[in-house]
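Here's the letter readout for the chains.
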Amino acid sequence: MTETITIRRPDDWHVHLRDGAMLKAVLPFTAAQFSRAIIMPNLVPPVTTTAMADAYRERIMAALPAGSRFQPLMTLYMTDDTDPADVVSGYESGRIVAVKLYPQHATTNSHFGVTDIEKIHPVLAAMEKAGVPLLIHGEVTRPEVDIFDREAVFIETVLDPLVRRFPGLKVTLEHVTTKEGVEYVTGARERVAATITPHHLIFNRNAIFQGGIRPHYYCLPIAKREEHRLALRKAATSGNPRFFLGTDTAPHARAAKEAACGCAGLFVAPVALACYAQVFEEEGALDKFEAFASLNGPRHYGLPVNEGTITLVRRPRAVAEDVSLPAGEAVHVFRGGETVSWTVADADSAAAAVA
Ligand code: DOR
Ligand code: ZN
């Protein structure tokens, strides 16, 4: 049995770090395992300009544990009014790496999202020309579409037309959750890729209703049927360079999730690499783990791969239920209260002990 896994240092291509006290509490877990991460811009108010991204980056750097070499890669939140010149200059000066498209009302803090794709055609044309990647939350939000069909309908009615209309645009379908998504990305033109979360590889929609309503399994896109989970596992572990790691770690205080209208999002950062390693081991694909975690993402984004390595060891580790926030609040950790088999042996900061 494999006892250690050593791979080139990985990156997380989809992270919600939040702000303020939450940022301070959750950032060490990401920084302990990943060299770089693409930072989602859905703050309140959202990060809509390069100047706002600069300021957010400063707050992230200030919240990092001492000695950390973690690099946040900033993004802009697309609105109907996004300025193409700001996007292009932000990208060309290295201050942002991508723009995120949330259809309006698709998920947490998406009320400023794009109301009609036609409105953003000029900015998409500018991004295509300048090589700026577009990151997409791929769900339609029309109320008549069943929540479990939102991704598949989005792919057919929005993503495919967009990909065809802008044939040079670099596109990431974030947190793909369906076999339709896997098939689409696998067969799409060049420069179309997808991230896959650990949780969508680990549970299916039954987990949300196991013996009662389970808010800590509720995220968006919502987990789908088992056949979709199996398609995701196959894609992630296939070695296909179009699929790579993006945890979508999305912390919310317990009170915000355990509520009559609970927030979507799972705090997966503390167990992210352990969960992915478990999946690759179960699929007999540990030889493909490095490509998924450390090589395919940089290749899609045209960035260098990281120097150095990270080692996971087979050492059972009890996962803490919660991470504490000031004022007595807490964030529940995905798989908290369970034991995971893999532990990061040589991460960068004190958070390694819990990562
Ligand atoms: O479950 C989710 N939570 N999905 C998203 O797309 C956003 C995220 C959040 O920010 O909480
Ligand atoms: Zn997300």
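Residues numbered from 1 in each chain as written. Chains lettered and ligands numbered in written order. Predicted model: local features only at pLDDT ≥ 70, side-chain atom pairs only at ≥ 80, totals over all residues. Heavy atoms only, no water.

## Let's talk about the UniProt feature "binding site: Zn(2+) 2" (unreviewed entry) in the chain
What UniProt calls "binding site: Zn(2+) 2" (unreviewed entry) maps, in this numbering, to Lys 100, His 137 and His 175. In sequence the annotated residues extend across 76 residues, while in space they remain close, none of their C-alpha pairs exceeding 12.7 Å. In this structure, the largest cavity is lined, among the annotated residues mentioned, by Lys 100, His 137 and His 175. Position of Lys 100 among the secondary structure elements: in strand 5 (residues 98-101). Among residues more than four places away in sequence, those in contact with Lys 100 are His 14, Met 40, Pro 41, Leu 76, Tyr 77, Met 78, Leu 135, Ile 136, His 137 and Glu 174. Secondary-structure assignment places His 137 in the loop between strand 6 (134-136) and helix 5 (150-165). We classify His 137 as buried; its relative accessible area is 1%. Aside from chain neighbours lying at most four places away, what touches His 137 is Lys 100, Leu 101, Tyr 102, Pro 103, Ala 106, Thr 107, Phe 154, His 175, Leu 220 and Pro 221. (UniProt positions renumbered as here; feature names shortened; annotations may be inferred. 1 Å grid on protein atoms, 1.4 Å probe; cavity = no way out; pocket = protein on both sides within 12 Å on 5 of 7 lines; lining within 4 Å. Helix = DSSP H or I, 4+ residues; strand = E, 2+ residues; numbered from the N terminus. Contact = heavy atoms within 4.5 Å. Buried < 20%, exposed > 50% of the residue type's maximum accessible area, 1.4 Å probe, protein only.)

## As for the nonpolar core
In summary, soluble globular proteins display a tendency toward joint burial of nonpolar side chains. Counting 100 residues, the largest nonpolar core has Met 78, Leu 124, Met 127, Leu 134, Leu 159, Ile 196 and Phe 289 as its most contacted members. Counting residues per element, this core draws most heavily on helix 10 (residues 272-282), which supplies eight residues. Core analysis: the next-biggest nonpolar cluster, separate from the first, contains 12 residues, Ile 38, Met 40, Leu 73 and Val 97 among them. (Core = buried A, V, L, I, M, F, W, Y, C linked by side-chain atoms within 4.5 Å.)

## Some thoughts on the site of ligand 1
The environment of ligand 1 is formed by 14 residues, the closest being Arg 18, Asn 42, Leu 220, His 252 and Ala 264. Measuring from an oxygen atom of ligand 1, one finds a side-chain N or O atom of His 252 at 2.8 Å. One of the backbone N or O atoms of Ala 264 is found 3.0 Å from a nitrogen atom in ligand 1. Considered on its own, ligand 1 offers 290 Å² of accessible surface; in the complex 100% of this is hidden by protein. Of the pockets mapped on this structure, ligand 1 occupies the largest cavity. Taken together, the residues of the shell around ligand 1 break down into four nonpolar, eight polar and two charged. (Near = heavy atom within 4 Å. Polar contact = N/O pair within 3.5 Å; in protein donor to acceptor, adjacent residues only side chain to side chain. Areas by Shrake-Rupley, 256 points an atom, 1.4 Å probe, with all protein chains shown as cover. Sits in = over half its atoms within 2 Å of the grid points. Nonpolar A, V, L, I, M, F, W, Y, C, P; charged D, E, K, R; others polar.)

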